Amino acid sequence: FRPQAEGDDVVAAGGSRVVRIAVANGNAVWRSDTGVKLSAGAGAGLGLALAGGGKGELLALDLANGQPRWKVALSSAVTGQLLAVSDTIIARTGDGRVHGLSVADGSRKWLYTRNLPALSLRGSGGMVVRDDVLYAGFPGGKLVALNPANGAQLWEATVALPRGATELERVADVMGNPVVDERQVCAVAYQGRVACFDRRTGAPLWSRDTSSS
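Chemist: Sorry if this is basic, but what is going on with the overall build of the protein here?
Modeler: Looking only at helices and strands, the protein features 0 helices and 20 strands. The principal-axis extents of the C-alpha atoms in the protein amount to approximately 50 × 35 × 35 Å. Counting the 213 residues in the protein, one finds 48% classified as buried. For the protein, the exposed surface amounts to about 10100 Å²; the carbon and sulfur share of it is 49%. The centroid of the 23 positive side-chain charges in the protein is displaced by 4 Å from the centroid of its 19 negative side-chain charges.

Okay, structure coming up:
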């Protein structure tokens, strides 16, 4: 769970509730009990406050008053930050999928799917959008760049390679949100490997093992 700044307020989620808080004084603008055991949130943008449930529920509330706008069922538990980009809501689920949904009613616009390794860290990979490109980390040490308008993959890069004798030793999931600047996008994997890539082409720039430093 991460709060999301939106204008002069912050939207946060937890338990079954979503709340909008005024930064100026800390007062709640509104609180909404969704009746859903939440697993991800909050997201905010395009006039919506967003939260996800452990059974795949994706909830959109009116950002102005907290009233429900729409609710859809995704393929598995919603994980990580929810994004509002252009006219698309972007959500991840624990089965390795990234969903692009219509901001109007939550209907599917596109779906990006990856196969997961036998063992992975739940909700480990984050997402970030910069200059109309969606960067997302995945189990197995992969970082991908997607077109947020249609879900098309622009490139794929390897942050870390799974190595070791056991499934646990071979976990190399990309963790947290990728970090993007004007030239590069960087990500870190579970076993301590940090790598940066050209953000337009995915070409490797440098990589370093920090696990022993």
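Chemist: How should the sheet that holds strand β9 (residues 78-85) be read in this particular structure?
Modeler: Within a sheet, each strand pairs with its neighbour through backbone hydrogen bonds, oriented either parallel or antiparallel. Strand order in the open sheet formed by 4 strands is β9-β10-β11-β12, and the pairing between neighbours is antiparallel. Two strands lie at the open edges of the sheet, namely β9 and β12 (108-113), each paired on one side alone. Adjacent strand axes in the sheet meet at a mean angle of 15°, parallel and antiparallel pairs treated alike. Inspection of the sheet shows strand β11 (residues 97-102) paired to β12 by 5 bridges, in the antiparallel sense. When the bridges of β12 are listed, Gly100 appears paired with Trp110.

Chemist: Can you walk me through the pairing of strand β18 (residues 184-189) in this structure?
Modeler: Here is the key point about a regular strand: its side chains alternate between the two faces of the sheet. Counted residue by residue, β18 has 5 buried out of 6 residues, so it is predominantly covered. Strand direction decides the pairing type here: strand β17 (residues 174-180) and β18, joined by 4 bridges, are antiparallel. From the neighbouring strand, Val174 faces β18, where its bridge partner is Ala189. Counting the residues in the hairpin turn of β17 and β18 gives 3 residues. Sheet topology note: the β18/strand β19 (residues 193-198) ladder contains 5 bridges and is antiparallel.

Chemist: Explain the environment of Val185 here, please?
Modeler: As for its position among the elements, Val185 is in strand β18. Residue class for Val185 comes out buried when judged on its relative accessible area of 0%. Between the C-alpha atom of Val185 and that of Gln67, which follows or precedes it by 118 residues, the distance is 37 Å. In this view, Val185 contacts Tyr135, Leu143, Trp155, Pro178, Val179, Val180, Ala195, Cys196, Phe197 and Arg199; residues no more than four positions away in its chain are not counted.

Chemist: Can you help me understand the side chain of Ser102 in this one?
Modeler: Looking at the secondary structure, you find Ser102 in strand β11. A distance of 3.5 Å separates polar atoms of two side chains, one belonging to Ser102 and the other to Asp105. Non-local contacts of Ser102, meaning those with residues more than four positions away in its chain, are made with Trp70, Asp87, Ser107 and Lys109.

Chemist: Hey, could you run me through the state of the cysteines in this one?
Modeler: Such a bond, covalent and formed between the sulfur atoms of two cysteines, is termed a disulfide. Enumeration over the complete set of coordinates arrives at 1 disulfide. Between Cys186 and Cys196 runs a disulfide, and the two sulfur atoms are separated by 1.8 Å. A torsion of 110° about the S-S bond marks the disulfide between Cys186 and Cys196 as right-handed. Here Cys186 is found in strand β18, whereas its partner Cys196 is found in strand β19, with 10 residues between them in sequence.

Chemist: Please clarify how the environment of Gly56 should be interpreted in this entry.
Modeler: Counting through the fold element by element, Gly56 comes out in the loop between β6 (48-53) and β7 (57-62). The exposure class assigned to Gly56 is buried, which follows from its relative accessible area of 0%. It is 20 Å that separates the C-alpha atoms of Gly56 and Gly45, two residues lying 11 residues apart in sequence. In this structure, Gly56 is in contact with Val72, Ala73, Leu74, Ser76, Ala77 and Val78, ignoring residues within four places of it in sequence.

Chemist: Help me out: how do you make sense of the pattern of salt bridges in this one?
Modeler: One side chain can pair with another of opposite charge once the charged atoms of both are near each other. Applying the stated rule across the entire model yields 10 salt bridges. Between Asp33 and Arg17 there is a salt bridge; the shortest N-O distance is 4.0 Å. Here Arg17 lies in strand β3 (residues 17-22) and Asp33 lies in strand β4 (residues 28-33), a separation of 16 residues in the sequence. With its nearest N and O atoms 3.8 Å apart, the salt bridge here joins Arg97 to Asp95. Overall, Arg97 belongs to the partly exposed group, its relative accessible area being 27%. Through salt bridges with shared partners, a single ionic network connects Arg130, Asp131, Glu182 and Arg199.

What counts, and where the lines are drawn
- Residues numbered from 1 in each chain as written.
- Predicted model: local features only at pLDDT ≥ 70, side-chain atom pairs only at ≥ 80, totals over all residues.
- Heavy atoms only, no water.
- Helix = DSSP H or I, 4+ residues; strand = E, 2+ residues; numbered from the N terminus.
- Buried < 20%, exposed > 50% of the residue type's maximum accessible area, 1.4 Å probe, protein only.
- Areas by Shrake-Rupley, 256 points an atom, 1.4 Å probe, with all protein chains shown as cover.
- Lys, Arg positive; Asp, Glu negative; His and termini not counted.
- Charge placed at Lys NZ, Arg CZ, Asp CG, Glu CD.
- Pairing = 2+ DSSP bridges.
- Axes fitted to C-alpha atoms, helices over the stretch in contact; angles between N-to-C directions.
- Contact = heavy atoms within 4.5 Å.
- Polar contact = N/O pair within 3.5 Å; in protein donor to acceptor, adjacent residues only side chain to side chain.
- Disulfide = S-S within 2.5 Å.
- Salt bridge = Lys/Arg side-chain N within 4 Å of Asp/Glu carboxyl O.

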